[in-house]
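# Structural overview for review
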There are 2 protein chains.
Amino acid sequence: MDAAEFRKRGKEMVDYIADYLEKIDKRQVFPDVEPGYLRPLIPDCAPQDPENFEDVFKDIEKIIMPGVTHWHSPYFFAYFPAASSFPALLADMLCGGIGCVGFSWAASPACTELETVVLDWLGKMINLPEEFLAGKDGRGGGVIQGSASEATLMSLLAARTKTIRRVQSEKPELTEAEIMGRLVAYASDQAHSSVERAALIGGVKIKNVPSDEKFTVCGSTLKKVLEEDKAAGLIPFFFCATLGTTPCCSFDKLLELGPICNKENIWMHIDAAYAGSAFICPEFRHLLNGVEFADSFNFNPHKWLLVNFDCSAMWVKKRSDLTGAFKLEPLYLQHHHQESGLVTDYRHWQIPLGRRFRSLKLWFVLRMYGVTGLQEHIRKHVELSHQFEHLVLQDERFEICAEVILGLVCFRLKGSNELNKALFKSINEAKKIHLVPCYLREKFVLRFAICSRTVESTHIKFAWQHMSQLATDLLKTWEPNQQQQ
Amino acid sequence: MDAAEFRKRGKEMVDYIADYLEKIDKRQVFPDVEPGYLRPLIPDCAPQDPENFEDVFKDIEKIIMPGVTHWHSPYFFAYFPAASSFPALLADMLCGGIGCVGFSWAASPACTELETVVLDWLGKMINLPEEFLAGKDGRGGGVIQGSASEATLMSLLAARTKTIRRVQSEKPELTEAEIMGRLVAYASDQAHSSVERAALIGGVKIKNVPSDEKFTVCGSTLKKVLEEDKAAGLIPFFFCATLGTTPCCSFDKLLELGPICNKENIWMHIDAAYAGSAFICPEFRHLLNGVEFADSFNFNPHKWLLVNFDCSAMWVKKRSDLTGAFKLEPLYLQHHHQESGLVTDYRHWQIPLGRRFRSLKLWFVLRMYGVTGLQEHIRKHVELSHQFEHLVLQDERFEICAEVILGLVCFRLKGSNELNKALFKSINEAKKIHLVPCYLREKFVLRFAICSRTVESTHIKFAWQHMSQLATDLLKTWEPNQQQQ
């Protein structure tokens, strides 16, 4: 395919994407396929000779779309939102066209510099303390990671190295392996599974800190756990606070936890993967109070800020903590400017070496929506979740299971887990909407997350009426059945 | 921006990208900017109100392009190639449009299933042993990672868990920390820095295995190192063999190394990040002989197989080794089909949780080039590197520093490192072509990598004449200067 054909096919693809997104509400949100559906539909091997674009293009509707879960459907209420917007799509096209691999400043200066500056923009939008910004000569700064998992892992690894060095200087008799064996990381029992995974990768212990009745970790609980562990000879070194937990969007108490971490030489990382986008609205910014105690902070514009995946924004107060954890400099990656202090080599800030020009997406979105446009987007989602909450509260068969703060509503039928599992099963089998469940303590709960950029009040009402009807149908037959179980 | 405007702007962007790539040879391959160039060019903060597309679009040429290193210029000979092709760009647009986050089968079945099948295609193209393929009920299979660094890290972590479990069952008196403290990973002294980094992340020791005069690791050297370390009470657990090292594209001797690793219960991972693409040509496939001894294998279609970054293909013989290393199953990520055996949840195969629909790129490229089209691409690059090699060899001032096997030529002026550093400096200051140096043992060497999809014989000749002229100019003034140094 030459440039001339790309011009033609690229424009067809633009129209296809526009059509797809404009009419996505006409597609069934969750596919009908069974596992293994795709293999029989395509050949066993790659073709020997080139196929033409038409044949490949036809297969999108024939082979791919029947197996797609439509994350941008207004009937999608599962997980958390995956961001998507037209400005981000345009920027991502440009990113592909430029096709640089920006692991160092020299590998493409624009790629690095735009990222640093645009993360300062974003940091200012959520009113991050100055220390987290790069500015012209700051010690902190931002970086785009692929995912919150990577941000958590990078901060845990930086904390690990920092702590090992500190303990070794205090107690030179301990080997690195002995210190590693005593390190403990902490996170809420409501924290995302990626925090436990980061600790497993880093080869250190991790402990759950019990959350309270609001699914929140408070200072006194953390303090108690730390005292016990220190008494047992362990070395607490890392605490991951969560703002907006995955199960129910609860918020750990930063203002209590932060000073404890600072006093105990514990790295505090804040994972606000979903909730972070809301902090651009002044009325939600108080949820971030206490960030001043943190060493690192992360949220995902690719969740709720209209920047397509992947774009996970992370800031640190001391960039040297990240880069110092691993810095390796083979000659083929060295370049003339690297000792100038002005230069950021982002490969030291992340797990992979290579990186795409992802800041273009963020830059396009921030400019073409403006702060006000993005605030409107957040506010609309929060309004819709409260609208759904009210619908639930008006039906006395149902209960709300956690305070609705942003765009997630956890609810269930009053009654047994089995009853709610049956309701969930009937929702998923009907495939008119898509959501996922979770457990809050021992309760099986349905999670209703406002996701799509184009979701409106009518879709919320439809979803509620649909689930309410399924509940009615279920309850008609439930009580006799329940006796048998 | 609504869908109607996206149709218009998307088409403009397609034309912009086509123009950029068609006329990329007219741009200076390496930018003139100094560190910090970008910040003064854009505002301090994100705009409050939306800007229009024209204003953003204008800034691409004004602010971004002056700071771009043009990786797809036919005058770019640095690092290794970054793949780019029109079919891959089209597929990536579609990937953005669908915008699913395929961490589990249910999150978008097509995203998972296409990946499994297309990696079987690719595995067959390089004639990987059957055990690495997923097939309908295989124990192995392929996955797309973001980078070779992640593939190396995943395999090291899987090996670490497997070894800890084995040693614990043999010697229950050892704690996990004690075992961790004795684990050692190995790689060639020519291996990529990401291998050392993986070991640092995993909290285990790593040792360089000395390469021979061809920059190759042989069995006898590895054996000797292993004997010494075992005698010292260490536990060798992981060896990363390199096919196509970054400094000079040398190849470790798999047929000698593999049986040793198998016998010693050492996980053998093969990093063929750059060279792997060449194995689709029968005449280069012998370089992969011995892969049958490996536990995992990786190469980057995003380097040399015309699939835009990121697309790093990794295969394992036992998928349970990868998934068993971390498997964590919170309810919100569980789904109906996950115990069926047919289902692959790729989140267990990788570091991040989220993932893009990257297999679309690979599928489009394999179909629209066909195996023969991709073979032509590889062969053309290898021919061009030999053409450059011949030019160098005809000039007795220069020497070739390592055998030219694929698309990389390491060369230098006969003489001191200082002389070659001066030559490198003059090449980089002229900015007519772009390349990077490396050290081979104590020798400072210039790396000339055939990179661009559109590079032709004329560009190679131009590059050679240019460097040859710079060498002439340099040598005229060199000898007197050298006395003074």
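How each quantity is defined
- Residues numbered from 1 in each chain as written.
- Chains lettered and ligands numbered in written order.
- Predicted model: local features only at pLDDT ≥ 70, side-chain atom pairs only at ≥ 80, totals over all residues.
- Heavy atoms only, no water.
- UniProt positions renumbered as here; feature names shortened; annotations may be inferred.
- Helix = DSSP H or I, 4+ residues; strand = E, 2+ residues; numbered from the N terminus.
- Rg over C-alpha atoms; globule rule 2.2 N^0.38 Å.
- Buried < 20%, exposed > 50% of the residue type's maximum accessible area, 1.4 Å probe, protein only.
- Contact = heavy atoms within 4.5 Å.
- Areas by Shrake-Rupley, 256 points an atom, 1.4 Å probe, with all protein chains shown as cover.
- Pairing = 2+ DSSP bridges.
- Axes fitted to C-alpha atoms, helices over the stretch in contact; angles between N-to-C directions.
- Salt bridge = Lys/Arg side-chain N within 4 Å of Asp/Glu carboxyl O.
- Polar contact = N/O pair within 3.5 Å; in protein donor to acceptor, adjacent residues only side chain to side chain.
- Least-squares fit on C-alpha atoms with pLDDT ≥ 70 in both.
- Buried area = accessible area lost by both parts, 1.4 Å probe.
- Phe/Tyr/Trp six-rings, centres within 6.5 Å; stacked < 30°, edge-to-face > 60°.
- Lys NZ or Arg CZ within 6 Å of the ring centre and 35° of its normal.
- Right-handed = clockwise from strand over helix to strand, strands pointing away.
- Parallel < 35°, antiparallel > 145°, perpendicular 65-115°, else oblique.
- Disulfide = S-S within 2.5 Å.
- Expected span 1.5 Å × (residues − 1).

The name an unreviewed UniProt entry gives chain A is Aromatic-L-amino-acid decarboxylase, with Dromaius novaehollandiae as the organism. Its UniProt record gives chain A a comment under Sequence similarities (unreviewed entry), which states: "Belongs to the group II decarboxylase family." Quoted verbatim from the Subunit (unreviewed entry) heading of the UniProt record, the comment on chain A is "Homodimer."

Each helix and strand in chain A was counted, giving 15 helices and eleven strands. In summary, chain A has a C-alpha radius of gyration of 24 Å against a globular reference of 23 Å for 485 residues, a match within 12%. If one aligns the C-alpha atoms of chain A with their principal axes, the spans along those axes are about 70 × 65 × 45 Å. A buried classification covers 68% of the 485 residues belonging to chain A. Taking all contacts inside chain A whose residues are at least 6 apart in sequence as the whole, residues at least 24 apart take part in 73%. Total accessible area on chain A is roughly 16,500 Å²; 51% of this is exposed by carbon and sulfur atoms.

Another aspect to go through is the sheet that holds strand β1 (residues 141–145) of chain A. Working definition: the strands of a sheet are paired by backbone hydrogen bonds and lie parallel or antiparallel to each other. All names here are of chain A. Taken in spatial order, the seven strands line up as β1-β7-β6-β5-β4-β2-β3 in an open sheet, and their pairing is mixed. Looking at which strands have only one partner, the edges of the open sheet turn out to be β1 and β3 (205–209). Between one strand axis and the next, the sheet turns through 20 degrees on average, direction left out of account. Here strand β5 (residues 267–271) runs beside strand β6 (residues 296–299); their pairing, made up of three bridges, is parallel. In the strand pairing of β6, D271 is matched with N298.

Now for the pattern of salt bridges. All names here are of chain A. Under the defined criterion, the tally for this structure stands at 74 salt bridges over all chains. The partner of R441 in a salt bridge is D189, and the shortest N-O contact between them spans 3.7 Å. In this pair, R441 is assigned in the loop between β10 (436–440) and β11 (443–449) and D189 in the loop between β2 (183–188) and α7 (193–202), connecting sequence segments 252 residues apart. Residue class for R441 comes out partly exposed when judged on its relative accessible area of 35%.

Moving on to the environment of D15 of chain A. With respect to the secondary-structure elements, D15 of chain A resides in helix α1 (residues 3–22). Exposure remark for D15 of chain A: the relative accessible area of 23% places this residue in the partly exposed category. Not counting residues up to four positions away in its chain, the partners in contact with D15 of chain A are R7 and K11 of chain B. Within polar-contact distance, the side chain of D15 of chain A engages the side chain of R7 of chain B at 3.1 Å.

Right, let's get into the relation of the copies chain A and chain B. Of the transformation placing chain A onto chain B, the axial shift is 0.0 Å and the rotation is 180 degrees, giving an RMSD of 0.0 Å. Such values leave the two copies arranged in the relation of a two-fold axis. A share of 100% of interface residues in chain A that are also interface residues in chain B marks the association as one of identical surfaces.

Before going further, it helps to spend a moment on the interface of chain A and chain B. Taken together, the 140 residues of chain A in the interface contact 140 residues of chain B. Here chain A packs against chain B, burying approximately 12,500 Å² in sum over the two surfaces, 68% of which is carbon and sulfur. Connecting chain A to chain B are 16 salt bridges. A salt bridge links R356 of chain B to D92 of chain A; the shortest N-O distance between them is 3.5 Å. Here chain A is connected to chain B by 57 residue pairs in polar contact (both at pLDDT 80 or more). With 16 residues, the top contributor of residues to the side of chain A that touches chain B is α1 of chain A.

For the rest of this paragraph, the subject is the packing of aromatic side chains. Residues and elements named next belong to chain A. Enumeration according to the criterion identifies 50 aromatic pairs over all chains in this entry. Residues F388 and W464 carry aromatic rings whose centres are separated by 5.8 Å and whose planes lie at 85 degrees to one another, so their mutual orientation is edge-to-face. Of the two residues, F388 is situated in helix α13 (residues 359–393) and W464 in helix α15 (residues 457–484); the sequence distance between them amounts to 76 residues. W464 matches F388 in its accessibility class, with the two residues each being buried. Here the aromatic cluster, defined as three or more aromatic residues joined through ring pairs, consists of F77, F388, F398, F411, F448 and W464. In this structure, R447 packs its charged tip against the face of F80, placed 4.8 Å from the ring centre.

Further remarks concern the UniProt feature "modified residue: N6-(pyridoxal phosphate)lysine" (unreviewed entry) in chain A. Residue and element names in this part refer to chain A. UniProt records the feature "modified residue: N6-(pyridoxal phosphate)lysine" (unreviewed entry) for K303 in the present numbering. Here K303 shows up in helix α11 (residues 301–304). Residues within four places of K303 in sequence aside, it is in contact with F80, P81, A82, A83, A273 and Y274.

Right, let's get into the pairing of β3 of chain A. Residue and element names in this part refer to chain A. Summarising the sheet, β2 and β3 pair through five bridges and their orientation is parallel. By the bridge assignment for β3, V184 is matched with K205. Crossover connection from β2 via α7 to parallel β3: handedness right-handed.

Quick look at the pairing of β11 of chain A now. Residues and elements named next belong to chain A. Here β11 lies mainly inside the structure; six of its seven residues are buried. Summarising the sheet, strand β9 (residues 408–413) and β11 pair through four bridges and their orientation is antiparallel. Bridging from a neighbouring strand, C410 pairs with R447 of β11. Here β10 pairs with β11 via five bridges, running antiparallel. Paired with C438 across the two strands is V445, which belongs to β11. Hairpin connection of β10 to β11: two residues between the antiparallel strands, including R441 at a positive phi of 50 degrees.

Residue and element names in this part refer to chain B. On the basis of which strands lie adjacent, the open sheet formed by seven strands has the order β1-β7-β6-β5-β4-β2-β3 and mixed pairing. Each edge of the sheet is formed by a strand with only one pairing partner; in this case those strands are β1 (141–145) and β3 (205–209). Strand-to-strand, the axes of this sheet are offset by a mean angle of 20 degrees, without reference to chain direction. Running at roughly 155 degrees to β3, helix α7 (residues 193–202) makes contact with β2 (183–188), β3 and β4 (235–242) of the sheet. On the sheet, helix α9 (residues 254–263) packs against β4 and β5 (267–271) and is oriented at approximately 150 degrees with respect to β5.

Moving on, we get to the packing of helix α8 (residues 219–231) of chain A against helix α9 (residues 254–263) of chain A. Residues and elements named next belong to chain A. Interaxial distance between α8 and α9 falls to 8 Å at its minimum, and their mutual angle equals 30 degrees. When the interaxial angle is binned, α8 and α9 end up roughly parallel. The residues of α9 that touch α8, namely those facing G219, S220, L222, K223 and L226, are E256, L257, I260 and C261.

All right, on to unusual backbone geometry then. Put simply, F309 of chain A and D310 of chain A share a cis peptide bond, and its omega is 5 degrees. Structurally, the position occupied by D310 of chain A is in the loop between α11 and β7 (312–316). Phi angles above zero are rare outside glycine, and C249 of chain B is one such case at about 60 degrees. Among the structural elements, C249 of chain B can be located in the loop between β4 and α9.

Before going further, it helps to examine α9 of chain A. All names here are of chain A. Burial in α9 covers these residues: L254, L257, G258, I260 and C261. The secondary structure elements touched by the buried residues of α9 are α8, β4 (235–242) and β5. Taken from the residues just after α9, N265 is the one with a positive phi, measuring 60 degrees.

A few words on the state of the cysteines. Per the stated rule, a full pass over the model turns up zero disulfides over all chains. C261 of chain A provides the cysteine sulfur closest to C240 of chain A, a residue in no disulfide bond, and the two sulfurs are 10 Å apart.

So, on to helix α12 (residues 359–393) of chain B. With 35 residues, α12 of chain B should reach 51 Å at 1.5 Å per residue; the first-to-last C-alpha distance of 42 Å falls well below that figure. Summarising burial for α12 of chain B: 25 of the 35 residues are buried, a large majority.

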